Each structure stands twice: as C-alpha cells, then as structure tokens.
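Inside the fold
These are the residues of each chain, in order.
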Amino acid sequence: MALQRVSPQDFSPNGTNIYQGFKNDDEDIKNLYKLMNSTGVLSLAGSKRQCVLYGSVDSSGNPNFLTASGLNISIDGSTKPVILSFANGFDMALGTKDILMSITSNVSNAWTIPANGTYYLYIDRDINTGILSYGYTATPDDYLKVAPASPVLDQNYFNTTDMKMYRYNGSAWEQKLRIFVASVVTTASAATITPYALESKIASYLPLTGGTLSGNLTVDGTLKANSGTISGDLIVSGNTITFGNVTLGVDS
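So, here's what we can say about the structure. (Residues numbered from 1 in each chain as written. Predicted model: local features only at pLDDT ≥ 70, side-chain atom pairs only at ≥ 80, totals over all residues. Heavy atoms only, no water.)

Secondary structure assignment for the protein yields one helix and 15 strands. Here the protein, with 252 residues, has 34% of them falling under the buried criterion. A sequence separation of at least 24 residues applies to 53% of the contacts in the protein between residues at least 6 apart. Counting every atom, the protein has about 15200 Å² of accessible surface; 51% of that belongs to carbon and sulfur. (Helix = DSSP H or I, 4+ residues; strand = E, 2+ residues; numbered from the N terminus. Buried < 20%, exposed > 50% of the residue type's maximum accessible area, 1.4 Å probe, protein only. Contact = heavy atoms within 4.5 Å. Areas by Shrake-Rupley, 256 points an atom, 1.4 Å probe, with all protein chains shown as cover.)

What follows concerns the sheet that holds strand β5 (residues 95-103). Reading across the sheet, the three strands line up as β1-β4-β5 and stay open at both edges, with antiparallel pairing between neighbours. Whereas interior strands pair on both sides, the edge strands pair on one side only; in this sheet they are β1 (51-54) and β5. Taking each pair of neighbouring strands and ignoring which way they run, the sheet shows an average axis angle of 35°. Of the strand pairs in this sheet, β1 and strand β4 (residues 82-91) are connected by three bridges, and their pairing is antiparallel. Looking at the pairing, tyrosine 54 lines up with isoleucine 83 of β4. (Pairing = 2+ DSSP bridges. Axes fitted to C-alpha atoms, helices over the stretch in contact; angles between N-to-C directions.)

To continue, consider the pattern of salt bridges. On inspection of all chains with the given rule, the structure shows six salt bridges. A salt bridge links arginine 167 to glutamate 174; the shortest N-O distance between them is 2.9 Å. Taking the relative accessible area as the measure of exposure, arginine 167 reaches 18% and is therefore buried. Take glutamate 174: its relative accessible area is 26%, and that puts it in the partly exposed class. One salt bridge connects lysine 176 with glutamate 174, and the closest N-O pair in it is separated by 4.0 Å. Judged by its relative accessible area of 24%, lysine 176 falls in the partly exposed class. A network of salt bridges, in which partner residues are shared, links Asp154, Arg167, Glu174 and Lys176. (Salt bridge = Lys/Arg side-chain N within 4 Å of Asp/Glu carboxyl O.)

Okay, the sheet that holds strand β2 (residues 66-69) next. Ordered by their spatial adjacency, three strands build an open sheet running β2-β3-β6, and the pairing between neighbours is antiparallel. Two strands close off the open sheet at either side, each with one partner strand: β2 and β6 (106-112). Across the sheet, the mean angle from the axis of one strand to that of its neighbour is 30°, orientation sign disregarded. Across four bridges, the pairing between strand β3 (residues 72-76) and β6 is antiparallel. Note on β6: the bridge partner recorded for isoleucine 73 is tryptophan 111.

By size, the foremost hydrophobic cluster in this structure holds 25 residues, and its most contacted members are Leu66, Ile73, Ile75, Leu84, Trp111, Leu121 and Val181. Counting only elements with at least two residues in this core, the list comes to β3, β4, β5, β6, β7 (117-125), β12 (173-186) and β13 (191-195). Looking at which element gives the most residues to this core, the answer is β12, with five residues. Apart from residues no more than four positions distant in its own chain, isoleucine 75 is found in contact with Phe65, Leu66, Val82, Ile103, Ser105, Asn106, Val107, Ala110, Trp111, Ile123 and Tyr134. Formed by 10 residues, the second largest nonpolar core is a distinct cluster that contains Tyr143, Phe158, Met165 and Tyr196. (Core = buried A, V, L, I, M, F, W, Y, C linked by side-chain atoms within 4.5 Å.)

All quantities given are derived from atomic positions and should not be read as evidence of function.
Structure below.
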C-alpha cells in the first residue's frame, strides 16, 4: 500500500509558501524516520525475509563471517557488514514488516558453545530495546503453519502464516525477533560450523495445502511431509528419502 504525506504541499498560486514548504518537508521526513524506527523497513528486502541478507562469503559463495576458536564462535562484520532481515509479521495498512539490522564490527566470542553436541546459533533483536544478542539451542528451527505439538523447552518455530518467530518457554509460545544463522557440532574442545545460506528458509518449505514451489529445492538435513500427501515427480540427488514410514533408496 502506498504511503501518503502527513503534511502535503499546496502548489496553487495562493498555496504553500517557501518557508511553510520546508517545514512540511521536514515534518514528513521526521514522520518517515519514526515509522521506520517503530515498524522496520517495509518490504525493502523483497521476498527475502527472516535471514541474513548480506555478509562476507568465500570464493564459492558460502558465508565465512563466522569463525571458531575452540568452543567460542565470533561473527565478523568489519570487512563487509552482516545485514539481517527480521520478519515481524504484517500490518493491515502497511503490508509486510521487516526490520533490518546490521553488524559492522568483529564481535569476538559472540557464542560459547557446550562441548560434545549439536547446536543451532541464532541472533536476537530485543523487541523493546532493539539491542542484538547471540544465543544457541539444541533443537533445530522449524518453519510451520501451526505450532509444533508437544514442544520442549527452548524449541523455536517460525509461523509461516503470521510470519513471526516463536520460542517455547516451558509453558507458552512467546514471540521473538530471532534469525538462525548456522548449525554447530562440537567435540570436547572444538567446534565445526555449518553456516546457513544467505537466503530465506521460508521459501524452501513445501506448501502444506495447495500452491506451487518454484525454483530449486535444496535439502540439507531432513525433508519432511508434515501432513497430507506428496504426489507427482520427485527428483533428488542423494541416497535416501524418507516420507513417514516409507523409505526410498536412490542409487548413488
């Protein structure tokens, strides 16, 4: 939906004079800044929501702004900024609400991960203060139309209906501005990082009811059908595909 000026100009012969015109422009610029601060930048990221939009990559295009030293992981935005797009739902008047944040320095030891496990790194933006913080969880992030049944403490899922991230606090789901950026496998003294691609996970999930998935589908982990039936041709590169109780072997 198009935005409208709060203080429009009147260009008729007896309309706005120069002094008032500058005041009107200044007032509208201030209102625009207030709007951006309160609701986030609207739709500037296009369809790429809830992900890292930009950051340093290697020669193969893989993100390399995360580095490990022992069980500590740092994030470096000093050479190229790490730009984050937090999806924050919709507004009936304004449309999609995306909040853009950037990391422009080297945040040393942003995460300290426990030994001997698999963990999932995320970046939070505090809903009230706007301050960024760094955390991890032992459960992978899900992207679903409804909340998972029988959730466990600190489980996270992104609701693809209202376009918001939620975390289970042990008794209820609470909204978070949270982007997952990597998975990490640790030994007793070291961490191996698998960064997520610079693309939205939202678009990589098969529609549950109707709709068409266009473009490439990249599977890194488990491909699941949450409900309903998958029909038609499925072409995959790999060794095994599992849907429910049916396992298909693929010649390697």
